[in-house]
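# Fold and geometry: a report
Single-letter residue listing:
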Amino acid sequence: MANVNVSLTVNGQQQTVSVDSSETLLWMLRDRLGLTGTKYGCGIEQCRACSVLVNGQLEKACDYDVTSAAGKSVTTIEGLSADLSNKLQQAWITEQVPQCGYCQSGMLMAATALLASTPKPTDAQIDSAINNICACGTYARVRLGIKRAAGML
Ligand code: FES
Ligand code: FES
């Protein structure tokens, strides 16, 4: 496959990256930009560990064609805040949500997308929106974290 230049915005910074045209957004973020907060889990669109926002929409980076990201704005876990001041990051710390932590970047990106559309989500709305797989079973704490960030606790 040919190398191509892709220009896009990542976490508020304009980037032009030389990529293999068959590459996914996930590997561009991790291997070319060093943004390793976005995780590779299954690679088959099941676990959602690789979740990022593209133009504000939740997307699975493991199946997102990097050339399709051209001209778009991507937000990864590193873009939520550099100093953990983001309200979801703060709530995650208070509620001690992460266990091994591997799935948590994806959880936080899904929670970010949820609160952007639904500022005060019900349990049913949380369960419906958060389809991420967590091998450590943090689902109840994820709910608490989202509610704390939403000012519901
Ligand atoms: S790595 Fe993308 S959904 Fe599992
Ligand atoms: S915290 Fe370990 S997989 Fe979710």
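The structure presented is a predicted model; accordingly, all values stated were derived computationally and were not measured.

## Details of the layout of surface pockets
Here the largest pocket is characterised by a volume of approximately 160 Å³. Forming the walls of the largest pocket are I77, E78, S81, L84, Q89, W92, I93, P98, Q104, S105 and L108. Of all elements in the fold, only α2 (87-94) and α3 (104-117) reach the threshold of two or more residues within the lining of the largest pocket. Broken down by class, the residue content of the lining of the largest pocket amounts to six nonpolar, four polar and one charged.

## Things to note about the packing of aromatic side chains
In total, this model carries one aromatic pair according to the counting rule given. A ring pair is formed by W27 and Y40, whose centres lie 5.3 Å apart and whose planes are at 40°; its orientation type is tilted. In this pair, W27 sits in helix α1 (residues 25-32) while Y40 sits in the loop between α1 and β3 (51-54), placing the two residues 13 residues apart along the sequence. For W27, a relative accessible area of 32% puts it in the partly exposed group.

## Comments concerning the domain arrangement of the protein
If you check the domain split of the protein, you get domain 1 (3-79) and domain 2 (87-149). Averaged C-alpha coordinates put domain 1 and domain 2 at centres separated by 21 Å. Each side of the interface is counted separately: domain 1 has 15 residues, and domain 2 has 12 residues. Here domain 1 packs against domain 2, burying approximately 1100 Å² in sum over the two surfaces, 66% of which is carbon and sulfur. When residues of domain 1 are sorted by the area they lose upon contact with domain 2, R48, L58 and I77 head the list and together hold 41% of the total.

Criteria and thresholds
Residues numbered from 1 in each chain as written. Chains lettered and ligands numbered in written order. Predicted model: local features only at pLDDT ≥ 70, side-chain atom pairs only at ≥ 80, totals over all residues. Heavy atoms only, no water. 1 Å grid on protein atoms, 1.4 Å probe; cavity = no way out; pocket = protein on both sides within 12 Å on 5 of 7 lines; lining within 4 Å. Points joined across faces, edges and corners; volume = space filled by probe spheres on them. Helix = DSSP H or I, 4+ residues; strand = E, 2+ residues; numbered from the N terminus. Nonpolar A, V, L, I, M, F, W, Y, C, P; charged D, E, K, R; others polar. Phe/Tyr/Trp six-rings, centres within 6.5 Å; stacked < 30°, edge-to-face > 60°. Buried < 20%, exposed > 50% of the residue type's maximum accessible area, 1.4 Å probe, protein only. Domains from an automatic or database assignment. Contact = heavy atoms within 4.5 Å. Buried area = accessible area lost by both parts, 1.4 Å probe.

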